[in-house]
Amino acid sequence: MGKDKLSLKQIQQEALKILIKIDEICKNENLIYYLAYGTLIGAIRHNGIIPWDDDIDIMMPRPDYDKLEAYFISHKDELFPLQMFGPNINAQYPYMINRISDCNYIIETENEKTYGLGLFVDIYPLDALGNTLKKARQKKAKGCKLASLCFLSTRLKFTRGNTKSLIKTIVKIPAFYISKVIGKDYFFKKLHNLSQLQNYADAVYVGCVVWAADDGYKGVYKKEWLGKGQIHEFEGMPFNIPNDFDSILKNLYGDYMTPPPENECIGHHFYKAYRRVSK
């Protein structure tokens, strides 16, 4: 079995195919999803994938997220070559969000063990954060700290990564070694328990409590901003986005309609992707 390296454009095209299949399943199973993060910016600002983006992101209310996971488990054979990776499915998987992967491809990622992932779409669960903004921010901040330590626990070696502050880098060094001693399973359990403290249906504020990319101010959404969603064009096809996408994107990015400086127009996953080639 050989491998053939993909260009960024090819990565985008193949990830889009995965998104199309997810959209089809969600429609058939009456599940709600929304384009998220850079993918949502791409939909609004470009009507498609941001030219330099290297992945596709969606988010789902926890009840729908769990149903999609169950669907992939029970339809594993018929969905091949698509496969779901997640903490409840793959023992070596290092994250608390699920990914849907196409195993016709291989990716090589910096600073983490290989666990069989191919080209993928990220799926972020939206959990209840609380009924007041103060409590929601506190819960999101706690989740962010736990998720950051969880991430460090799965790295092969210490790197500064995206940490720009010298002070934060200094703090990160002992945190890395402590997290390695504790191990990811401890953080997985803590994050899972945190995500289950309140039912999604009962919350005023929601967000992804198991991921470290946001903090206690960003990534805290009023549930009404999401709603059942609305259809918007993305790469010439209709996909679901939040009802009030503007409030969500301003919460995360501020002025999201202005592209970043040219030197910041780069992908952020730092992986290489290959097509499996039979010899």
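Residues numbered from 1 in each chain as written. Predicted model: local features only at pLDDT ≥ 70, side-chain atom pairs only at ≥ 80, totals over all residues. Heavy atoms only, no water.

**Topic: the pattern of salt bridges**
(1) Moving on: Going through the model one piece at a time under the given rule, you end up with 10 salt bridges.
(2) Moving on: The partner of Arg 62 in a salt bridge is Asp 127, and the shortest N-O contact between them spans 2.8 Å. Of this pair, Arg 62 sits in helix α3 (residues 62–74) while Asp 127 is found in strand β7 (residues 119–130), placing the two residues 65 residues apart along the sequence.
(3) Moving on: Between Arg 155 and Glu 112 there is a salt bridge; the shortest N-O distance is 2.9 Å. Taken together, the residues Arg 155 in the loop between α5 (133–153) and α6 (166–182) and Glu 112 in the loop between β6 (105–109) and β7 connect sequence positions 43 residues apart.
(4) Moving on: Overall, the relative accessible area of 6% leaves Arg 155 in the buried class. (Salt bridge = Lys/Arg side-chain N within 4 Å of Asp/Glu carboxyl O. Helix = DSSP H or I, 4+ residues; strand = E, 2+ residues; numbered from the N terminus. Buried < 20%, exposed > 50% of the residue type's maximum accessible area, 1.4 Å probe, protein only.)

**Re the layout of surface pockets**
(1) Moving on: The volume enclosed by the second largest pocket comes to roughly 260 Å³.
(2) Moving on: Arg 62, Pro 87, Asn 88, Met 96 and His 192 are the residues nearest the centre of the second largest pocket, which is lined by 16 residues in total.
(3) Moving on: Elements supplying a minimum of two residues to the lining of the second largest pocket: α3 and α7 (184–195).
(4) Moving on: For the lining of the second largest pocket, the per-class residue count stands at 5 nonpolar, 6 polar and 5 charged. (1 Å grid on protein atoms, 1.4 Å probe; cavity = no way out; pocket = protein on both sides within 12 Å on 5 of 7 lines; lining within 4 Å. Points joined across faces, edges and corners; volume = space filled by probe spheres on them. Nonpolar A, V, L, I, M, F, W, Y, C, P; charged D, E, K, R; others polar.)

**So, a nonpolar patch on the surface**
(1) Moving on: Together, Ile 178, Ile 182 and Tyr 186 line one region of the surface with nonpolar side chains, adding up to about 290 Å² of accessible area.
(2) Moving on: Within the secondary structure layout, Ile 182 lies in helix α6.
(3) Moving on: For Ile 182, a relative accessible area of 40% gives the class partly exposed. (Patch = residues over 30% accessible without salt bridge, like charges linked within 9 Å, V, L, I, M, F, W, Y side chains within 5 Å. Areas by Shrake-Rupley, 256 points an atom, 1.4 Å probe, with all protein chains shown as cover.)

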